Amino acid sequence: QVQLVESGGGLVQAGGSLRLSCAASGSTFSFNTMGWHRQAPGKQRELVAAITSGRVTNYLDSVKGRFTISRGAATVYLQMNSLKPEDTAVYYCKYSSYDGRYDYWGQGTQVTVSS
């Protein structure tokens, strides 16, 4: 089992910045992918950004140039700049084994961007 603890959400005005953090513990994998997904009310959960243990990144088109994902051995960060009201959602940290067989989710952290 892998446990994930998230932090860093909150309320910010449009154009502002937030930094999300997620720490993994437990039976972690040497090769893995960590990332952030979000779910707004009435919408499906979507991938925001992901990064492999080899530092390969993937971003949702609408956040490219505004969000930056980075990581350590068992931590992942999401620096969110130029936030927009449409970025408002619950953000979930996800940890996956390299082959995708095992997925673990954090409890979620609320990000609210006011206009």
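Being a predicted model, the structure only gives us computed values, none of them experimental.

J.: Got a minute to help me understand the state of the cysteines in this structure?
T.: What we call a disulfide is simply a covalent bond connecting the sulfur atoms of a pair of cysteines. Per the counting criterion, the structure on display carries 1 disulfide. Each sulfur in the disulfide pair C22 and C93 lies 2.1 Å from the other. One quick way to see it: the torsion about the S-S bond of C22 and C93 is about -85°, and its sign makes the bridge left-handed. With C22 in strand β3 (residues 18-26) and C93 in strand β9 (residues 89-97), this pair connects stretches of sequence that are 71 residues apart. Judged by relative accessible area, which is 0%, C93 ranks as buried.

J.: Whenever I open this one, the pairing of β9 confuses me. Can you help?
T.: Every regular strand shows the same layout, with side chains that alternate between the two sheet faces. The element β9 is largely enclosed, with a buried count of 8 among its 9 residues. Two elements, β9 and strand β11 (residues 109-114), share 3 bridges in a ladder whose sense is antiparallel. For Y91, the partnering residue across the bridge sits in β11 and is T109. Where β9 and strand β10 (residues 103-105) come together, 3 bridges link them in antiparallel fashion. Counterpart to S96 in the pairing with β10 is D103.

Reading guide: rules and limits
- Residues numbered from 1 in each chain as written.
- Predicted model: local features only at pLDDT ≥ 70, side-chain atom pairs only at ≥ 80, totals over all residues.
- Heavy atoms only, no water.
- Disulfide = S-S within 2.5 Å.
- Helix = DSSP H or I, 4+ residues; strand = E, 2+ residues; numbered from the N terminus.
- Buried < 20%, exposed > 50% of the residue type's maximum accessible area, 1.4 Å probe, protein only.
- Pairing = 2+ DSSP bridges.

So, to be careful, I would describe these as geometric facts and stop short of saying anything about function.
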